[in-house]
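Listed here are the chains, written in short residue letters.
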Amino acid sequence: MTRLNETHDPELKSWVDAANAAQCDFPVQNLPFGVFRRKGSDEPYRCGVAIGDRIFDLAAAQTEFEGDAAVAAAACAGSTLNAFMALGPGHWSALRLALSRALREGAPQAARLRSHLVPQAQAEHALPAVIGDFTDFYASVYHATTVGRMFRPDNPLMPNYKWVPIAYHGRSSSIRVSGHRFARPMGQTKAPEAAEPAFGPSKRLDYELELGIFTGPGNEAGRRVPLAEAESHVFGLCVLNDWSARDIQAWEYQPLGPFLAKNFATTISPWIVTLEALEPFRCEWTRDASDPQPLPYLESPDNRGRGALDVQLEVCLETAKARAMGMGETRLSRGNFRHAYWTAFQMLAHHTSNGCNLQPGDLLGTGTQSGPDAKDVGSILELTAGGKSPVTLPTGETRSFIEDGDTVIMRAWCERPGYPRIGFGECAGTVVPAA
Ligand code: CA
């Protein structure tokens, strides 16, 4: 069943010229939400929508909307999107429709609305929501198998992997928006041949190429969200880099899972692309016939038919030397979220299957997205075979892991013949020397 509506019409153009460029992330069919202010100003952070190379200032445009769209816009008047996320799909959709009509070519209010546009180049971002809780899944079987083999050569995939959408509870206090700079983590590590562990800067710093799922209305404690209703709890998706210290991880992760290896920094893109904007890029979800099929609470015809999302991903690296030489970034790999072992909806339904309550603005990471092709890997751990096969960059430098001064840039976008491309913008983070 398709839920395309007039906001997805591929023929729509915007009166914001840059939105109509072929490679633009933000055509009028996208309309992602974020939080911004003018760079270097002391203005309050406020909610906005990306259109072309501009941001439509929702706080300034409050009087432009009617009905449910006005209620939704009022919920966007503050400095976070949580109140808007809490309203649910009816209001999300009403505001999207009103924005689409206001920003498309021929809109009678265009002349008046121009004053509510801020150039993206002159803006800085804050986190789009207060993130109460952050849960990180592990939904790529390719990543889980490759990494599992490094940590446990005889037993790469634990017996529960193909039954349970595996996750751990992460930390929300260290999540930052793109442009994030953070110090290399210190920690306790133990080399395999060493008799005792040592404390010092991580030597095996890695990135993880993921998407983040922002949750909508939430559920009361004790009330499960069935798979059939999971969609109405997904507000939208962003790009997410779950920075990881592999040497700290290897020493600490048993028996309770990741702790200090993963809670020092997480970077997300400033824009949340709504689930409704992703409608043209929904696709079939399949489970190999030789694998266990999902238990009934994680199974539905709708999830089979349109549960996966065809979102392309890439990760690029810009070293300090490349920056100084003006050589720019190098793409390390690509991927696609449609290869995930579990859908976003299965992750959300599973998360609440014990009665655990989600709240508006909670963030679920999808886990590192590596694909079936060996070159589509979402971490440098996989790219360099655990550091044994360093990559050579155009500057002549090599990398086994991420070094000080390196900037990791992740992007995501959707393409399909007959539809305008939509993008998520950038998720960039830079590591500086250990404090
Ligand atoms: Ca992760």
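A. Highlighting the overall build of the chain. Along the backbone of the chain there are eleven helices and 26 strands. With the C-alpha coordinates of the chain rotated into their principal frame, the extents come out at 75 × 55 × 40 Å. With 435 residues in all, the chain has 56% of them scored as buried. Here the analysis covers contacts within the chain between residues at least 6 apart in sequence; of these, 74% occur between residues at least 24 apart. Accessible surface computed for the chain: about 17700 Å², of which carbon and sulfur atoms make up 53%. For the chain, the distance from the average position of its 41 positive side-chain charges to the average position of its 49 negative side-chain charges is 2 Å.

B. Structural view of the coordination of the calcium ion. Protein-derived ligands of the calcium ion are D136 (OD), E208 (OE), E210 (OE) and D242 (OD), with the metal-ligand distances lying across 2.2 to 2.3 Å. Mapping the donors of the calcium ion onto the primary sequence gives the spacing D-x71-E-x1-E-x31-D. Separated by 72 residues along the polypeptide, D136 in strand β6 (residues 134-137) and E208 in the loop between β12 (205-206) and β13 (209-215) bring together distant segments of the chain. Since its relative accessible area comes to 2%, D136 is described here as buried. A residue is classified by how much of its surface remains accessible, and E208, at 4% relative accessible area, is buried.

C. Region of interest: the environment of A412. Looking at the element boundaries, A412 is found in strand β25 (residues 407-416). Here the alpha-carbon distance between A412 and H233, two residues 179 residues apart in the chain, equals 22 Å. In contact with A412, other than residues within four places in its own chain, are L211, V239, V311, Q312, L313, G423, F424 and G425.

D. Quick peek at the pattern of salt bridges. A full pass over the atoms with the stated rule returns 34 salt bridges. We note a salt bridge from E231 to R3, for which the minimum N-O separation is 3.0 Å. You can see E231 sitting in the loop between α6 (227-230) and β14 (234-242) and its partner R3 sitting in the segment before β1 (33-38), a full 228 residues away along the chain. Assessed through its relative accessible area of 16%, E231 is described here as buried. You can call R3 partly exposed: its relative accessible area is 33%. Of the charged contacts in the structure, one is a salt bridge between D373 and K375, with a shortest N-O distance of 3.2 Å. Note on K375: relative accessible area 55%, which makes it exposed. Residues joined by salt bridges that share partners form a network here, namely R3, E231, E279, R282, D302 and R306.

E. Structural context of unusual backbone geometry. The linkage connecting Q254 with the following residue, P255, adopts the cis geometry, with an omega of 10°. With respect to the helices and strands, the residue P255 is situated in the loop between α7 (246-252) and β16 (266-268). You will see that L31, though not glycine, has its phi angle at about 60°, which is positive. When you line up the elements, L31 lands in the segment before β1. Positive phi, close to 50°, is recorded for A385, a residue that is not glycine. Considering the arrangement of structural elements, one finds A385 in the loop between α11 (380-383) and β23 (391-392).

F. Region of the structure containing the nonpolar core. Within the largest apolar cluster, 61 residues are counted, with the highest numbers of intra-cluster contacts made by Y207, L237, L278, V311, I402 and F424. Of all the elements, helix α10 (residues 344-351) adds the most residues to this core, at five residues. Setting aside chain neighbours within four positions, we find L237 in contact with L211, G212, I213, W271, I272, V273, L278, L309, F337 and F424.

G. Just the sheet that holds β25, in detail. Strand order in the open sheet made by the five strands is β9-β26-β25-β20-β21, with mixed pairing throughout. At either margin of the open sheet sits one strand with a lone partner, and together these are β9 (180-183) and β21 (330-336). Strand-to-strand twist of the sheet, defined as the mean angle between neighbouring strand axes without regard to direction, takes the value 20°. Summarising the sheet, strand β20 (residues 312-318) and β25 pair through seven bridges and their orientation is antiparallel. Looking across to β25, one finds that E314 is bridged to R411.

H. Highlighting the packing of helix α1 (residues 67-75) against helix α3 (residues 89-103). Interhelical geometry of α1 versus α3 gives an angle of 100° and a closest axis separation of 8 Å. Taken together, the axis directions place α1 and α3 in an arrangement best described as roughly perpendicular. When α1 is examined against α3, the residues D68, A69, V71, A72 and A73 are found in contact with a partner set consisting of H91, A94, L95 and A98. Of the residues contributing to the contact of α1 with α3, the split by class is seven nonpolar, one polar and one charged.

What counts as what
Throughout this description, residue numbers start from 1 for each chain and increase along the sequence as written. Owing to the predicted nature of the model, reporting of local features is limited to residues with pLDDT of at least 70; listing and counting of side-chain atom pairs is limited to 80 or more, with chain, interface and lining totals taken over all residues. Where side-chain values are given, they derive from all heavy atoms of the structure, hydrogens and water being excluded. By the criteria applied, helices consist of DSSP H or I runs no shorter than four residues and strands consist of E runs no shorter than two, each listed in order from the N terminus. Each residue is placed in one exposure class: buried if its accessible area under a 1.4 Å probe, protein chains only, is under 20% of its type's maximum, exposed if it is over 50%, and partly exposed if it falls in between. Whether two residues are in contact is decided by their heavy atoms: any pair within 4.5 Å suffices. For the accessible areas, the method is Shrake-Rupley and the probe is 1.4 Å, while residue cover comes only from the protein chains on display. Positive charge is attributed to Lys and Arg, negative charge to Asp and Glu, and no charge count is given to His or to the chain ends. To locate a charge, the coordinates of NZ of Lys, CZ of Arg, CG of Asp or CD of Glu are taken. Atoms of type N, O and S within 2.8 Å of a metal are treated as its donors, and for Na, K and Ca the window is 3.2 Å; water is not considered, so some sites may appear to be missing partners. Each reported salt bridge corresponds to a side-chain nitrogen of Lys or Arg within 4 Å of a carboxyl oxygen of Asp or Glu. Only buried residues count toward a nonpolar core, which is a set of Ala, Val, Leu, Ile, Met, Phe, Trp, Tyr and Cys residues joined through side-chain atoms within 4.5 Å. The pairing criterion for strands is at least two bridges between them, as found by DSSP. Between N-to-C directions, angles cover 0 to 180 degrees, with each direction set by a line fitted to C-alpha atoms, over the stretch in contact for helices. Oblique is the label for every angle not falling under 35 degrees (roughly parallel), over 145 degrees (roughly antiparallel), or within 65 to 115 degrees (roughly perpendicular). Throughout, the ten residues Ala, Val, Leu, Ile, Met, Phe, Trp, Tyr, Cys and Pro are labelled nonpolar, Asp, Glu, Lys and Arg are labelled charged, and all others, Gly among them, are labelled polar.

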